[in-house]
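# Architecture at a glance
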Amino acid sequence: MKYRGRIVSVIIGLLLVLTWDFIYYFVLQYPVDLNVDIFFTLLILFISYYMGKHYDISHKELAALRKSEERVKLLNEEMQHVLQSIDEVVFHTNSKGEFQFLNQPWEDYTGYTVKESLHKNALHFISLHERHEILRLVRHSISLKKDKMKMDFSYQKRDGQFRWGEVNVKLSYTEDGHLLGTVGTISDITERIHNEEELIEMNETLAIESQKLSVAGQLAAGIAHEVRNPLTSINGFLQLLRDDADEKTKEYLGIVFSEIKRIELVLSELLILAKPQSVTYKKINIIETLDHVARLLNTNAILYNIEILTDFHERELYIRGDENQLKQVFINLIKNAIEAMPHGGTITVMACMISKNKVQLTFKDEGVGMKKETLDKLGEPFFTTKTKGTGLGLTICLRILRDHGADIGVQSEQGEGTTFHITLDGVQASERKRRENMQTH
C-alpha cells in the first residue's frame, strides 16, 4: 500500500494520545484542559504523519533500489553470458598491461586457464621475438594519445604450438592524459595467415612456370626461324635437281619433299609455344581422326614389335576442335608410348561417350611406366625422361588440350604401363546423320 506508513503512524499517534488522556484524566484525576489537549493531539498526529510519510518515501526508494539491483544483476549475467559465448577473446587490462578480465575462449586460444592468467602482464603470452616490437607500437600509440590500435602477433600455446592472432584494442586515458587501461578482442587468424602464405608460394610457382613457358616460347621461335632458312634453300635446290632427274631419282625426291613438308609442319606447330596460332574449330568425327593417326603410326610401331589396336564403341563421335592440332596431340602420345615399350607390346586407343555430352579418349600402353615424382612433373617445360628429349612435346600437347577445354588424367605405375584419359565436350551429329542412323537400325 502506497500510504501504509502514514496510516499506521497516525493510528499509533491516536492510540498514544488516547492512552495519555486516560492516564492523565482518569488515573491521575487532573482537570480537563481542551486547549492543551487539542494542541497536544494535533502535534502528535502531525509528527506521526510526518514520520509515516518519511517511512513511505524510504520504503519506495528502497524498493526501487532493490529493483535496480536486480536489473543490474540480470544485465550483468546477460553480459557475462554474451562475453563467454562469443568466439573471440575479450580482455580488459589496467594501466600496467595486467589482465583484469578474460572470457572463456582465452583457455581455448592459449591453453592457459583464466584464473592463472588474471593479473599477469599480457606481454607474458606473446612470442619473445615480437614482444619488443609490440611494446614499441603500444608506447607509440600512447604517446600520440590514440584511442584505438590494431595489430597481428604470434603467440605460443601452452602445448608449444605457435598460433597467430589479431588484436583490436581500445585505450582509455585519465583527464590528465595518463593511460587508464585497455579493452579489446583477440581473433585467431592462423588459418588466414597459412592461406596467405600458400597463396604467395603458389604465385611464386606460377611466376616460375610462366618464365619457363616464356623461355620455351622464345627458344621455339628461335629454333623454327633458324631451321626454316636453310630448309628453304634445300627445298629450292632440290626442286632444280628434280627437273633433270630420272624417274627413280624423282621418286626418291618425292619422298624427300614430303618429309620436308612434315618438317615445316612440325616447325609451325612448335611456334605454338611462342604465340597462339590461328586455329579453325569445327565439328569433326574424332573416330576418323584417331583411326587415321593409328594407321599412320602403325607401320612405325611394327618396327619395334608393337601393335596399335583400336577399340571404338561407335563409328561416329563428334567434337568441336582443330583437327590438325588434335592429330599432333595423338601422334605425340602414341610416339611416347612406343618409346616407353623397348620390348614390344600393345598400344590400345579407345573412344567412347561417357555421358550425354562428354567424349573420353584413352591411350593405354604396356611400357615401363612412371614414378609418382615423374607424374607430378609431367608437362613441365624442359622436363623429360628421354636422353635426347627436349621436354616440350607434352607441354605443347597440354596447351592444345587446354585450348580445347579438355580434361586430362594420367595413371601410371612402374612396370605396369601408362594410361592417358582425355575428356572433351561432345556435339550432336547433324539431323541428316541422326535420321540415317535411325533408318539403319
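The structure under discussion appears in the preceding block.
Residues numbered from 1 in each chain as written. Predicted model: local features only at pLDDT ≥ 70, side-chain atom pairs only at ≥ 80, totals over all residues. Heavy atoms only, no water.

## Points about the packing of aromatic side chains
- On inspection of all chains with the given rule, the structure shows nine aromatic pairs.
- Three or more aromatic residues joined by ring pairs make a cluster, and in this case those are F91, F99, W106, Y112 and F125. (Phe/Tyr/Trp six-rings, centres within 6.5 Å; stacked < 30°, edge-to-face > 60°.)

## Considering the layout of surface pockets
- Here the second largest pocket is characterised by a volume of approximately 560 Å³.
- What lines the second largest pocket is a set of 31 residues, and nearest its centre among them are G97, A122, L123, V138 and M151.
- Looking at the lining of the second largest pocket, the elements that each hand over two or more residues are β1 (89-94), α3 (105-110), α5 (128-143), β3 (148-156), β4 (162-173) and β5 (179-188).
- If you tally residues by element for the lining of the second largest pocket, the top one is α5, at five residues.
- Here the lining of the second largest pocket is built from residues that sort into 22 nonpolar, seven polar and two charged. (1 Å grid on protein atoms, 1.4 Å probe; cavity = no way out; pocket = protein on both sides within 12 Å on 5 of 7 lines; lining within 4 Å. Points joined across faces, edges and corners; volume = space filled by probe spheres on them. Helix = DSSP H or I, 4+ residues; strand = E, 2+ residues; numbered from the N terminus. Nonpolar A, V, L, I, M, F, W, Y, C, P; charged D, E, K, R; others polar.)

## Some points on empty space enclosed by the protein
- Using the criterion set out here, one finds one cavity of 30 Å³ or more in the structure.
- Estimated volume of the largest cavity: approximately 30 Å³.
- Along the walls of the largest cavity sit L333, A337, F363, D365, T418 and F420, which together make up its complete lining.
- Those elements that place two or more of their residues in the lining of the largest cavity are α9 (323-339) and β12 (417-425).
- Along the lines of polarity and charge, the residues of the lining of the largest cavity split into four nonpolar, one polar and one charged.

## A short note on unusual backbone geometry
- Here H119, not a glycine, exhibits a phi torsion of approximately 70°, which is positive.
- Mapped onto the elements, H119 comes out in the loop between α4 (114-117) and α5.
- Overall, H119 belongs to the exposed group, its relative accessible area being 55%.
- In this structure, N305 takes a positive phi of about 60° despite not being glycine. (Buried < 20%, exposed > 50% of the residue type's maximum accessible area, 1.4 Å probe, protein only.)

## Re the side chain of S9
- If you trace the backbone, S9 turns up in helix α1 (residues 4-27).
- By relative accessible area, which is 13% here, S9 ends up buried.
- A polar side-chain atom of S9 sits 2.2 Å from the main-chain carbonyl oxygen of S48.
- For S9, the residues in contact, after removing those within four places along its chain, are S48, Y49, M51 and G52. (Polar contact = N/O pair within 3.5 Å; in protein donor to acceptor, adjacent residues only side chain to side chain. Contact = heavy atoms within 4.5 Å.)

## Some remarks on the sheet that holds β4
- The five strands are arranged β2-β1-β5-β4-β3 in an open sheet whose pairing can be described as antiparallel. Bordering the open sheet on either side are β2 (99-102) and β3, each of which pairs with just one other strand. Strand after strand, the sheet turns through a mean of 25° between neighbouring axes, direction not considered.
- Direction of pairing for β4 relative to β5: antiparallel, over a ladder of nine bridges. Bridge pairing in β5 places N168 opposite T185.
- Of the strands in this sheet, β3, β4 and β5 are in contact with α5, which crosses β3 at around 170°. (Pairing = 2+ DSSP bridges. Axes fitted to C-alpha atoms, helices over the stretch in contact; angles between N-to-C directions.)

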